[in-house]
Amino acid sequence: MDDDSKADWALRKIKLAQAKKEELSNFVQVEMEKLEAYQAQEQKKLDDEIDRMQGYLSAYALQKRENDPEFKSQNLPNGRLRFVKQQPKYHYDDKVLIESLKKAERSDLIKIKETPDKATLKKVFVPNDGKLIDPDTGEVVEGVTIEEREEAFKVEVNK
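The paragraphs below set out a description of the structure included in this document. What you see is a predicted model; the values in this text were computed from it and never measured.

## Side note on the overall build of the protein chain
A count of helical and extended segments in the protein chain gives 3 helices and 4 strands. Tracing the protein chain from N to C terminus, the helices and strands come up as α-β-β-α-α-β-β. A compact globule built from 159 residues should have a C-alpha radius of gyration of about 15 Å, whereas the protein chain, at 33 Å, is more than 25% larger. On the principal axes, the C-alpha backbone points of the protein chain span a range of 90 × 60 × 30 Å.

Following this line, the structure appears as structure tokens:
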């Protein structure tokens, strides 16, 4: 580029490319929505078929167990039918549980997540030579490094 006319031409080309890019993105989005709807519809049919077959197999296995209380599993050429013992499932109400543990003085069972307040760190401490310094003591704050970055070049196209 060697003059304003050519620079403005480049901006027009960028503007056109951005418009085409947005048009393409919109087109692809519409097509993806159609495909996702089709996929969901077909998967629902297949899930219903799987559920129906599993229901038949469950009734069959329960019937076998009724006839033979010791029945646990059966291998077949295309798979296996079996009853599996499950662990109990716990349902927690965290707010109520935490209060209960505090009343019982069992704070050892409560996790406390500690995180640094990064916004306040930037206000309280002073950056110096890639490090954060405590202005009161002059000590380096461990665990922080500062990366100086160059100016970024950006092109803005008028809409």
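Next comes the rest of the account.
## Section: the packing of aromatic side chains
Tallied over the entire structure, the rule returns 2 aromatic pairs. Seen in terms of ring centroids, Y90 and Y92 are 6.1 Å apart; in terms of plane orientation they differ by 10°. Their pairing is stacked. Lying across the ring of F83, R65 places its NZ or CZ 3.9 Å from the centre.

## Looking at the layout of surface pockets
Counted as a void, the largest pocket has a volume near 220 Å³. As for the largest pocket, its lining consists of K118, L121, K122, P127, L132, V144, T145 and I146. Broken down by element, the residue count for the lining of the largest pocket peaks at 3 residues, all from helix 3 (residues 118-124). Residues of the lining of the largest pocket, tallied by class, amount to 5 nonpolar, 1 polar and 2 charged.

## Focus on a nonpolar patch on the surface
On the surface, a nonpolar cluster with roughly 370 Å² of combined accessible area is contributed by L11, I14, F153 and V155. On the basis of relative accessible area, L11 is assigned to the partly exposed category, the value being 31%.

## Describing the pairing of strand 2 (residues 79-82)
When a strand is regular, its side chains alternate between the sheet's two faces. Where strand 1 (residues 73-76) and strand 2 come together, 4 bridges link them in antiparallel fashion. Its bridge partner lying in strand 2, N75 is registered against R80. If you look at the hairpin formed by strand 1 and strand 2, you'll find 2 residues sitting between the two strands.

## Digging into the environment of A104
Position of A104 among the secondary structure elements: in the loop between helix 2 (94-103) and helix 3. Remark: the alpha-carbon pair of A104 and V155, spanning 51 residues in sequence, is separated by 62 Å.

## Considerations on the side chain of D134
Mapped onto the elements, D134 comes out in the segment after strand 4 (131-133). Among buried charged residues, D134 stands out as having no salt bridge; its nearest opposite-charge side chain is K131, 16 Å away.

## Some points on unusual backbone geometry
The phi angle of most residues is negative, glycine excepted, and most peptide bonds adopt the trans form. Positive phi, close to 55°, is recorded for E105, a residue that is not glycine. Its location among the elements puts E105 in the loop between helix 2 and helix 3. Look at D129: it is not a glycine, yet its phi comes out positive at around 55°. Along the chain, D129 turns up in the loop between strand 3 (126-128) and strand 4. Assessed through its relative accessible area of 73%, D129 is described here as exposed.

About the criteria used
- Residues numbered from 1 in each chain as written.
- Predicted model: local features only at pLDDT ≥ 70, side-chain atom pairs only at ≥ 80, totals over all residues.
- Heavy atoms only, no water.
- Helix = DSSP H or I, 4+ residues; strand = E, 2+ residues; numbered from the N terminus.
- Rg over C-alpha atoms; globule rule 2.2 N^0.38 Å.
- Phe/Tyr/Trp six-rings, centres within 6.5 Å; stacked < 30°, edge-to-face > 60°.
- Lys NZ or Arg CZ within 6 Å of the ring centre and 35° of its normal.
- 1 Å grid on protein atoms, 1.4 Å probe; cavity = no way out; pocket = protein on both sides within 12 Å on 5 of 7 lines; lining within 4 Å.
- Points joined across faces, edges and corners; volume = space filled by probe spheres on them.
- Nonpolar A, V, L, I, M, F, W, Y, C, P; charged D, E, K, R; others polar.
- Patch = residues over 30% accessible without salt bridge, like charges linked within 9 Å, V, L, I, M, F, W, Y side chains within 5 Å.
- Areas by Shrake-Rupley, 256 points an atom, 1.4 Å probe, with all protein chains shown as cover.
- Salt bridge = Lys/Arg side-chain N within 4 Å of Asp/Glu carboxyl O.
- Buried < 20%, exposed > 50% of the residue type's maximum accessible area, 1.4 Å probe, protein only.
- Pairing = 2+ DSSP bridges.
- Lys, Arg positive; Asp, Glu negative; His and termini not counted.

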